[in-house]
Amino acid sequence: MLTLWGPGGAKRYCDGMSRRSFIRVGGLAMGGLNLPGLLEAQAFAGSNSRSGGAGATTKRHKSVIMVYLTGGLAHQDTVDLKPDAPDGIRGEFKPIATKLPGVHVGELLPRTAAVMDKLAIIRSLIGQIDEHSSFQSMTGFPMDLSQREGKPHFGSVVSRVQGPVDPVVPPFIDLSPVMQHRPYNTPGPGILGQTFKGARMEGDDLALLRPPSGVAPERFSGRHDLLGQFDGFRRSVDNASVEGMNGFYQQAFDLLTSDKLARALDIEREDPRLRDRYGIGSSKHLGDGAPMWNDQLLIARRLVEAGARCVTLGYGFWDTHGNNFGHLRQVMPLFDQGVSALVEDIYAKGLDQDVTVVVWGEFGRTPKINKDAGRDHWARVNSAILSGGGMKVGQVIGSTDKLGGSAVTRPIHYRDVLATVYHNLGIDPRAFLRDKANRPVTILTPESEPIAELI
């Protein structure tokens, strides 16, 4: 987000909000709210009733929650164990049975094993390169190509094609905190333009989403003027057309003065037992990657229930060149708790036909265990966990060789996972869309296709 003042300009209003953070809400509001979609959503909102709770709408909509595992999880020690491999390859963990007969996962995943009937495990993911970045998972292309050609985050594509479900809930929300290793951070909207950037949910932005109690409506007029100053600056930077801007930025102000999004973010509204089931986790970063903040998994479910189409988050740190097994013993129980709770929650609330869950990282790990009891980068094959989305779950797709080093049956290109996500959302992954210069561009490559076993 853009900030118009330097460190000396962080003046606070008497209600505790900083002037800098107020200006930054312009970036939040513009992250996914475009005028045509907003007007259409408003028209729909005027003719349909809504229910309470987390702000869920009565209109069902398709959505996705993508959990990006920063650093690359060792597939051989989690969902694709090789107990018959020789020493130095098979690892320290034993396989355990799951709810699906004949299907096993690692012993650190007992809760995941119990919901295996609601999961699809892909064990033969190919096409990734050795690159520590979120770009492959989020854009469908490597970082260099994405940056050179302006490949957009898939959430930006969803925002561009489908727009918002609700005028005060951005269609694309990114819960990932800023990470030390810059390529782990969420890619931008690329050629689609900043209008379709994901809304960020951290810092002072959260406070801005809840109108302060006891503040008279006229108090907001000065803030409206400040937002207008931001708009003028933004137009000068982007050289964007001003035609129709007034209505668009009025919607940005509407977002500021509505508390619907704040209510969706407020997990204190949930049954404490459900929050405990997820496991709260911590906002503390692991390594140079993401935290294991399980509250965010619950927030993601609340956001899609409230009207978001796409919610992404970075989760954990999995670059285990050393102490792979000790690290996994420490962190996998929380992973197991959070991911299984999200899956259970989606199904318990009847969202499994509409909400797709994807859990994956940028590559796998080497079959051979190195001298530091770690596994190094291995892009030749990887695994992914999917659930919900109306998909045919309760299955394992593909397999690797006896060392877990190569796909031997049903190799699946990683772009096909994104193609499946698009399909579940009702978007043709091979369709064209218009960039900010009105030029036609393809969403994915022509050969990308939804995974047939899932649909």
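So, here's what we can say about the structure.

Definitions and limits used
Residues numbered from 1 in each chain as written. Predicted model: local features only at pLDDT ≥ 70, side-chain atom pairs only at ≥ 80, totals over all residues. Heavy atoms only, no water. Helix = DSSP H or I, 4+ residues; strand = E, 2+ residues; numbered from the N terminus. Buried < 20%, exposed > 50% of the residue type's maximum accessible area, 1.4 Å probe, protein only. Contact = heavy atoms within 4.5 Å. Areas by Shrake-Rupley, 256 points an atom, 1.4 Å probe, with all protein chains shown as cover. Axes fitted to C-alpha atoms, helices over the stretch in contact; angles between N-to-C directions. Parallel < 35°, antiparallel > 145°, perpendicular 65-115°, else oblique. Left-handed = near helix turned anticlockwise from the far one by under 90°. Pairing = 2+ DSSP bridges. Core = buried A, V, L, I, M, F, W, Y, C linked by side-chain atoms within 4.5 Å. Phe/Tyr/Trp six-rings, centres within 6.5 Å; stacked < 30°, edge-to-face > 60°.

**Describing the overall build of the protein chain**
Within the protein chain, the regular secondary structure consists of 14 helices and 17 strands. Across the 455 residues in the protein chain, those meeting the buried criterion constitute 57%. Considering only residue pairs separated by 6 or more positions, the protein chain has 76% of its internal contacts joining residues 24 or more positions apart. Of the accessible surface of the protein chain, which amounts to about 18000 Å², a share of 51% is contributed by carbon and sulfur atoms.

**Overview of the environment of A384**
Locating A384 in the fold gives a position in strand β11 (residues 382-388). Given the relative accessible area of 1%, A384 is considered buried.

**Focus on the packing of helix α12 (residues 295-306) against helix α13 (residues 324-348)**
One way to put it is that α12 packs onto α13 with a least axis distance of 9 Å and a crossing angle of 20°. Comparing the axis directions of α12 and α13 gives the class roughly parallel. Judged by the twist between their axes, the crossing of α12 over α13 is right-handed. Residue-level contacts link L297, L298 and R301 of α12 to G338, V339, L342, D345 and I346 of α13.

**Quick word on the pairing of strand β1 (residues 63-69)**
Most of β1 sits out of view: seven of its seven residues are buried. A two-sided burial pattern is seen for β1, the buried positions comprising S63, I65, V67 and L69 on one face and V64, M66 and Y68 on the other. Judged from the seven bridges that link them, β1 and strand β8 (residues 355-361) form a sheet pairing that is parallel. Bridge pairing links S63 to V355 in β8. In the sheet, β1 pairs with strand β7 (residues 310-314) via five bridges, with the strands oriented parallel. Paired with Y68 across the two strands is G314, which belongs to β7.

**Quick notes on unusual backbone geometry**
If you check the backbone angles, N323 has positive phi at about 55° while not being a glycine. Of note in the backbone geometry, A373 takes a positive phi value of approximately 60° without being a glycine. Tracing the chain through its elements places A373 in the loop between β9 (364-365) and β10 (377-378). Exposure remark for A373: the relative accessible area of 34% places this residue in the partly exposed category.

**A few points about the nonpolar core**
Membership of the largest hydrophobic core comes to 57 residues, with the highest contact counts inside it found for I65, L175, L303, W318 and F335. Looking at this core, the elements with two or more residues in it are β1, β4 (119-126), α10 (260-265), α12, β7, α13 and β8. Considering each element in turn, this core owes the most residues, 10 residues, to α13. Residues in contact with L175, not counting those within four places in the same chain, are M201, Q296, I299, A300, L303, V311, T312 and L313. One finds A120, M179, L192 and A384 within the second-largest nonpolar core, a separate group that totals 39 residues.

**Here's the deal with the packing of aromatic side chains**
What the rule picks out here adds up to four aromatic pairs. Between F93 and F325, the ring centres sit 5.6 Å apart and the planes meet at 65°, which makes this aromatic pair edge-to-face. On the criterion of sequence distance, the pair formed by F93 in the loop between β1 and β2 (95-97) and F325 in helix α13 is long-range, its members being 232 residues apart. In this structure F93 comes out as buried when scored by relative accessible area, which is 7%. Ring geometry for W318 versus F335: centroids 5.7 Å apart, planes at 80°, classification edge-to-face. Of this pair, W318 sits in the loop between β7 and α13 while F335 is found in helix α13, placing the two residues 17 residues apart along the sequence. A residue is classified by how much of its surface remains accessible, and W318, at 1% relative accessible area, is buried.

Scope: geometric values only; no functional claims are made or implied.
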